[in-house]
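Chain and residue survey
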Amino acid sequence: MKLQILALDPVFDTGLSTMLDVFTMANELAAMLSLDVPAFDVLVVGVRKQVKTAHGLAVPISGSFDPKAGGWLVVPAIACKMPDVLVPALGRPDIRDAGSVLREAKAAGMNIAAACIGTFVLAESGLLDGEKSTTSWWLAPLFRQRYPSVHLEDGHMLVRSGSLVTAGAALGHMDMALWLVRQESPELAGLVARYLIVDNRPSQSAYVITDHLSHSDPLVQRFERWARGRLGEGFSLDDAADAVGASKRTLARRMQQVLGKTPLSYFQDLRVERAVHLLKTSDKSPNQIASLVGYADGVTLRALLRQKTGHGVREVRGGRLG
């Protein structure tokens, strides 16, 4: 597998090094165990001759992008973590040049992958229009606002849409790199994950800090405060709209714009969040906790935990869910 990693200033140190470490370890393990897996041919390329990481380390740029090489073009994150820094960065000349490189790669028939804030660079190129994507969970409201034609599935850690693959926040770089190894050899990907002690993380939902997202919009914040005060009761959209001082339609539209969820779906997310907290901090039974968060029984709660977080009650209580 040929991989060209497109490094842009200031590249996220962990993202770039994580991917390089995964592919290096894959090559080393394949050779050590005499696995019949072709080597991963990895080059770090740029749209400028010199690129540095966020911590000021020089990136070993191998040269310019070569669309004739085939394989994959991979975009790690730039270290612009918050909207006030990211939005100006997306207007830089090198980011526009990266967009041209991405469109050239697509036209040449290459596959393209982007992780974390690298998904914004990919979206800026226009290649994600009409496609499915994930992104860094805390930037989902900005992503929806800036790229309304992209079908954002920000609860997922990894999303494939045709020849495009996107990964979620920060260590989603690891998930994406392991996914790429898995395309050549599931066995080798499993070995690399074991050597690096990486658990399966199919969802970002378990890591989302809901307060951070809801506080980006006053109306959504008012809904969240109302919802948290009545998680043990039934949900009423009429009551919710009255409480936040908006029409049902306005509330639903704003929730979709900011969180990509209906009011009821977000209400259920808050119930699950509360249930996880109680499971980790109390000795109450699942049935007791289900009653406290408005569910009929522990069976319903167990099903929702598995659906929303990918973990069961024992895993949550055992500390696997952060």
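Below you will find a few notes about this structure. (Residues numbered from 1 in each chain as written. Predicted model: local features only at pLDDT ≥ 70, side-chain atom pairs only at ≥ 80, totals over all residues. Heavy atoms only, no water.)

Attention shifts here to the nonpolar core. Formed by 40 residues in total, the largest nonpolar core has its most connected members in Leu86 and Phe120. If you list the elements that add at least two residues to this core, you get β3 (72–75), α2 (83–89), α3 (93–107), β4 (111–115), α4 (118–124) and α5 (140–146). Residue contributions to this core peak at five residues, all from α3. Contact partners of phenylalanine 120, with chain neighbours within four places excluded, come to Leu86, Leu90, Thr135, Leu139, Leu142, Phe143 and Tyr147. Listed in part, the 36 residues of the second largest apolar core include Ile5, Ala113, Ala167 and Met174. (Core = buried A, V, L, I, M, F, W, Y, C linked by side-chain atoms within 4.5 Å. Buried < 20%, exposed > 50% of the residue type's maximum accessible area, 1.4 Å probe, protein only. Helix = DSSP H or I, 4+ residues; strand = E, 2+ residues; numbered from the N terminus. Contact = heavy atoms within 4.5 Å.)

Moving on, we get to the sheet that holds β4. Judged by pairing direction, the sheet is mixed, and its six strands sit side by side in the order β2-β1-β3-β4-β8-β7 without closing on themselves. Pairing within the sheet leaves two strands with one partner each, and these edge strands are β2 (41–45) and β7 (158–161). When the angles between neighbouring strand axes are averaged without regard to direction, this sheet yields 20 degrees. One ladder, built from four bridges, connects β4 with strand β8 (residues 164–167); its direction is parallel. The partner of isoleucine 112 across the bridge, within β8, is leucine 164. Docked against the sheet, α3 engages β1 (2–6), β3, β4 and β8, running at close to 155 degrees with respect to β3. (Pairing = 2+ DSSP bridges. Axes fitted to C-alpha atoms, helices over the stretch in contact; angles between N-to-C directions.)

Another point: the pattern of salt bridges. This model, assessed by the stated rule, comprises 12 salt bridges. The partner of aspartate 41 in a salt bridge is lysine 2, with the nearest N and O atoms 3.1 Å apart. Placement of the pair is aspartate 41 in strand β2 and lysine 2 in strand β1, with a sequence separation of 39 residues. Among the salt bridges present, the one from glutamate 273 reaches arginine 228, with a minimum N-O distance of 2.8 Å. In this pair, glutamate 273 is assigned in helix α12 (residues 263–281) and arginine 228 in helix α9 (residues 218–228), connecting sequence segments 45 residues apart. For arginine 228, a relative accessible area of 24% puts it in the partly exposed group. (Salt bridge = Lys/Arg side-chain N within 4 Å of Asp/Glu carboxyl O.)

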